[in-house]
Each structure stands twice: as structure tokens, then as C-alpha cells.
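Given next are the chains, with one letter for each unit.
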Amino acid sequence: MPDAVKSTPVNRDPNSQLAELKRGTVTLNTAADLEAKLRRSAEQGKPLRVKLGVDPSAPDIHLGHSVVLRKLRQFQDLGHQAVLIIGDMTALVGDPSGRKKTRPQLSPSEVEANAKTYLDQVGRILSPNRLEVVRNSSWLKPLPFYELIGLAAKMTVARFLERDDFTKRHKEGTPIFLHEFLYLVMQAYDSVVVKADVELGGTDQTFNLMVGRDLMRDLGMEAQVALTCPILPGIHGGAKMSKSLNNYVGVTDAPLEMHSKLMSIPDTLMKEYYTLLTSVAEDAIDTMCDPKKTHPKSAKERLARTIVSQFHGDAAAESAMAEWRKKFSEKAVPADIPEVNIATLAADGKASLAKIVGAARKCSASEARRLIEQGGVEIEGKRAADPKAAMTVSELEGKLLKIGKKNEFFRLVSK
């Protein structure tokens, strides 16, 4: 059984619960409120209601999404009630968070199709026990217009313009439409309806969560605690994990594909991935991520095996690791292979794939492009497809480059 759906003993001690829940947390508004809620929960034997709202704006979930889902799972394992809100109504409006312009609106059929795949994937992380799944269309769709006006009257435009993305757009003269403000009202009202004790989100959701906290207080309710988790960097480092940037690991990726992608991450990301994507103890993470104590390859293999096991089970994780080792072991790769100094090929800290292949093969730019376009180039076992692709020197450092049908190997270094 995958680790993600194993049950752990319920821990009713408030102090130890708080310590565990703080792991991988960026903001906690406020820690004192959460401690008080946990203490009252323990005394009354009544679980907290922990809200996570997800807008099914895309069909696939990747490890970046799993960070906050794992935090929700933590609450479940500590005996609390997870309330997963499928934002089938808010998705029609579109979350303005982090947007430089208005988000394109989806059709109801697109939202519904995404919601179905999303629920299946979420089930790979959350326990079916202590899980309440609701759709916010069930209360937002029948909400009378005059009641919506009453909710909006609790908020001010000045408050909304405190958001960084709205502030920038306002200063740049980029339109901000009324429905984008209404999104915040709708999302906050979700917290009121489900009577959330805690709401979770990524750091890009901090403002949204605080609006919910304010609205609950304005309506005479006890305000929810707003807990945010970091945004996970993609497997190349730098930019956040995103399917559009092709730097993601999907929760439905096959075991070998998942393992191979995780083995390609820069060493500098290992501690963050261990902390946010696994339950490995923090002192063990420190040991695994210290190159003086653990070889980076061994640490990365354990990381990949642990994450693959969560989604596919121990046997599949071991098989994927064995297959990866067979494909990329020292037996398959010559012990003494030429090096390519990528530092000399970089411009503004990035080196283009075509330049790297050209330098390694000592061939023309057109020949390098042809090799890449025909699928004859791999970096750490992952086939490269775009000759124009450029990666940072730190991302490429130490990676294994394979070119052509004869499997010519090169080690990428920066000197």
C-alpha cells in the first residue's frame, strides 16, 4: 500500500501536534490561535475542521500541488476533519492570485472534466477517512444577489488593492475586472459556510486566506487560522513546478518516469524536496543532504524511492530504482568519459542545449540541432527535444549527457 494512504496513530497532544504541523510552513496566522484550537480540540475530543479549497482549473496534479495536500493529510493523521472544497463555482470566475492579467475563464464542461480527474488524483494523497468533499456551487449558485452584496459590503476596494498583483496591475494600467474582486468574496464565503477552523494554501494564497479570516470575524464567527506552505520549485530549480514549463513530476507519472525525473533535480533542491514531499525526520534529512556524510547520489536515490513509493507502493519504487540503476549504472556508463565545460558556453548564467551538444560532439550548430530534434540527445536519461532550450549552469552541473545511437557519454561540468 502506498505510504500516502497509510494510517498513523492519532496524536492528541496539542504541543506535539503544533510542532509537527509547523514543518514546511511559511506563515501561520496565528500560531497562538492554532495552539488554542488544538488544545480545545483535545479537551473536548472534537476534531478541527481544516479547509482546503481547490479550483479544478487544470486536469493534472503534480508534486507542487501535493505539498499543501500533504499538509492536509497531516491534519487527518492527527485526528482532524479535512474539508476539501472543489471550487467548481470559483473556477468559473478564476483566481486572480499571481496573475499579471485577467485569467481566462473556463466553461462549466471544462471545470467538470477537470474536477473528475482531480478527485481521483487527490485520493492518492488524502485518506478517505476524516475527509469531507464538497462543491462550492452547492451554496454559491443559489446565493441570492442581495446576500452577495451584503458580503461584499464587508470588504473594501482599498483592502483588495493591498494585494501585490492587484497593486502592480493598477499602477501599470492593466485592467482589473469586478469579477476578480468577487472571487475573493466567494472564496472567503466558503470558509464561512464550512465553518473552517483552519484554512490551508500555498504562499500565493496568503491574501485570500486572510480575507476569509477577516470575513468570518466580521460575521461574528471565530476566525480561521491561515496556514501557508511553500511553492515547490520545479525539477530544474528556479521557477515553480509547472506543467507549462515542463519542470514537473505528475502524481500519475509511471514509477520509472517519476524516479528518473527526481534523480535529475539539482543537489541544492534535495533538502526542500525531502522536507515538503516526505515524512523523513528532519535530523535524517540533515544527514542525507550533507555531502560529507552522504553521497548526493545515494541521498537522491532515497528521495526518489520514497516519493515513488508514496504513489505506487514499495515494490514499484524498488523496481523503478533497479531499472534506473541498470540503465544508468557505472556498468552502462564508461568509467572515464570526456567532460564538457558548460561555464564557457553560458551566457547570462545559462547554456543552450544546442551549444552544449555542438561542443561535446565538435559538430556544427545545424548538426547539433538535428540530433536534438531527432531524439538523439538525453540528459540524465531524459530525452531533450528543444534545441533552443537553455538551462542554468547549476542545473546542468554534474549531469550525464548521452548523444547518438552509439551512446556517446559526456559529463557536464563548470570549471
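Scroll up a little and you will see the structure.
On a predicted model such as this, the values are computed, not experimentally measured, just so you know.

### Topic: the overall build of the protein chain
Looking only at helices and strands, one finds 19 helices and 13 strands in the protein chain. Against the compact-globule benchmark of 22 Å for 415 residues, the protein chain has a radius of gyration of 24 Å, which places it among compact chains. Once the C-alpha set of the protein chain is aligned to its principal axes, its extents read approximately 70 × 50 × 35 Å. Expressed as a percentage of contacts within the protein chain between residues at least 6 apart in sequence, the contacts between residues at least 24 apart total 72%. Accessible surface, the protein chain as shown: approximately 19600 Å² in total, 54% of it carbon and sulfur. Between the mean site of the 60 positive side-chain charges and the mean site of the 52 negative ones, the protein chain shows a separation of 3 Å.

### Looking at the nonpolar core
Leu63, Val198, Leu200 and Tyr273 are the most contacted members of the largest nonpolar core, which has 58 residues in total. Not counting chain neighbours up to four residues away, the residues in contact with leucine 63 comprise Leu232, Met241, Val249, Val251, Leu262, Leu277, Ile307 and Phe311. Counting 26 residues, the second largest nonpolar core, distinct from the first, contains Phe166, Phe181, Tyr183 and Met216.

### Structural notes on helix α10 (residues 178-194)
An α-helix turns once per 3.6 residues; consequently, residues spaced three or four apart project the same way. With 17 residues, α10 should reach 24 Å at 1.5 Å per residue; the first-to-last C-alpha distance of 25 Å fits that figure. A large share of α10 lies buried, amounting to 13 of its 17 residues. Count one or two residues on from α10 and you reach lysine 195, which has phi positive near 55 degrees.

### Some points on the sheet that holds strand β1 (residues 27-29)
The mixed open sheet is built from six strands, whose spatial order is β1-β6-β5-β2-β3-β4. With partners counted over all chains shown, the strands left at the sheet margins are β1 and β4 (131-135), one partner each. Pairs of neighbouring strands in the sheet enclose a mean axial angle of 20 degrees, with direction left out of account. Set on the sheet, helix α11 (residues 206-218) makes contact with β1, β5 (198-202) and β6 (225-229); between it and β6 the angle comes to about 170 degrees.

### Details of the packing of aromatic side chains
Evaluation of the coordinates by the stated rule reveals one aromatic pair. With centroids separated by 5.3 Å and ring planes inclined at 50 degrees, the aromatic side chains of phenylalanine 160 and phenylalanine 181 adopt a geometry described as tilted. Here phenylalanine 160 is found in helix α8 (residues 157-160), whereas its partner phenylalanine 181 is found in helix α10, with 21 residues between them in sequence. As far as burial versus exposure is concerned, phenylalanine 160 and phenylalanine 181 are alike and both buried. The positively charged end of lysine 261 is found above the aromatic ring belonging to tyrosine 248, 4.3 Å away from the centroid.

So, how was this worked out
Residues numbered from 1 in each chain as written. Predicted model: local features only at pLDDT ≥ 70, side-chain atom pairs only at ≥ 80, totals over all residues. Heavy atoms only, no water. Helix = DSSP H or I, 4+ residues; strand = E, 2+ residues; numbered from the N terminus. Rg over C-alpha atoms; globule rule 2.2 N^0.38 Å. Contact = heavy atoms within 4.5 Å. Areas by Shrake-Rupley, 256 points an atom, 1.4 Å probe, with all protein chains shown as cover. Lys, Arg positive; Asp, Glu negative; His and termini not counted. Charge placed at Lys NZ, Arg CZ, Asp CG, Glu CD. Core = buried A, V, L, I, M, F, W, Y, C linked by side-chain atoms within 4.5 Å. Buried < 20%, exposed > 50% of the residue type's maximum accessible area, 1.4 Å probe, protein only. Expected span 1.5 Å × (residues − 1). Pairing = 2+ DSSP bridges. Axes fitted to C-alpha atoms, helices over the stretch in contact; angles between N-to-C directions. Phe/Tyr/Trp six-rings, centres within 6.5 Å; stacked < 30°, edge-to-face > 60°. Lys NZ or Arg CZ within 6 Å of the ring centre and 35° of its normal.

In short, shape yes, function no, at least from these values alone.
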